[in-house]
Amino acid sequence: QVQLVESGGGLVQAGGSLRLSCAASGRTFVTYTMGWFRQPPGKEREFVAAITWNSGNTNYANSVKDRFTISRDNVKNMVYLQMNSLKPEDTAVYYCAADSRPLRLSSRYTSYDYWGQGTQVTVSS
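All of these numbers come straight from a predicted model, not from anything done at the bench.

Draft legend 1. Region of the structure containing the environment of S124. Relative to the elements of secondary structure, S124 occurs in strand β11 (residues 119–124). The partly exposed category is assigned to S124, whose relative accessible area is 27%. For the pair S124 and R27, spaced 97 residues apart in sequence, the C-alpha to C-alpha distance is 39 Å. Leave out the neighbours within four places in its chain, and S124 touches L11, V12, Q13 and A14.

Draft legend 2. Representation of the state of the cysteines within the structure. In the structure shown here, the tally under the stated rule is one disulfide. Covalently, C22 is tied to C96 through a disulfide, its sulfur atoms 2.1 Å apart. Judged by the sign of its S-S torsion, about -80°, the cystine formed by C22 and C96 is left-handed. Taken together, the residues span a long stretch of sequence, with C22 in strand β3 (residues 18–25) and C96 in strand β9 (residues 92–99) at a distance of 74 residues. Taking the relative accessible area as the measure of exposure, C22 reaches 0% and is therefore buried. The exposure class of C96 is buried, given its relative accessible area of 0%.

Draft legend 3. Just the packing of aromatic side chains, in detail. Counted under the stated rule, the structure contains six aromatic pairs. Look at F37 and F47: their rings are 5.6 Å apart centre to centre, the planes differ by 75°, and that puts the pair in the edge-to-face class. Residue F37 is located in strand β4 (residues 33–39), and its partner F47 is located in strand β5 (residues 46–51); the two are separated by 10 residues in the primary sequence. On the basis of relative accessible area, F47 is assigned to the buried category, the value being 13%. An aromatic cluster is defined as three or more aromatic residues linked by ring pairs; in this entry it consists of F37, F47, Y95, Y112 and W115.

Conventions we followed
- Per chain, residue numbering runs from 1 following the sequence as it is written.
- Only residues with pLDDT of at least 70 get local features here, since the model is predicted, and only at 80 or more are side-chain atom pairs given and counted; chain-wide, interface and lining totals rely on the full set of residues.
- Values shown for side chains rest on all heavy atoms present in the structure; no hydrogens or waters enter the calculation.
- Helix numbers and strand numbers start at the N terminus; a helix is a DSSP run of H or I with at least 4 residues, a strand a run of E with at least 2.
- Buried residues are those whose accessible area, probed at 1.4 Å on protein chains only, stays under 20% of the maximum for their type, while exposed residues exceed 50% and partly exposed ones sit between those limits.
- Residues count as neighbours in contact if any of their non-hydrogen atoms are within 4.5 Å of one another.
- In what follows, a disulfide is any cysteine sulfur pair within 2.5 Å.
- Only the six-membered ring of Trp is used, alongside the rings of Phe and Tyr, when aromatic pairs are assigned; centres must lie within 6.5 Å, and planes under 30 degrees apart are stacked while those over 60 apart are edge-to-face, with the rest tilted.

Shape descriptors only; they carry no functional weight alone.
Written out as structure tokens, the structure reads:
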């Protein structure tokens, strides 16, 4: 079992930066692929980024490539999403998720077994 708690969301102006954090509990955290998803207002949940258990591989949605960076610290049981050059279309609830298959970098939300409660990110124009 893994429990996930996101933090770091807030209101930021376009062009600004935010760093989201996800605190994970559970001894098996180190074996999980971790992902970030988001759900814009009135839209379906969409993939943002994922990272394998050893940080060896990452995957990003085209819409956030070169602006967002996912990272993890397996000692601290933390996952991060550094978001730069934010745009109003990045406004969404951001969710942290864990996939029990450590080498898979899935962009499908159905691949993920555990979810956090989400944190709101609002980017003003």
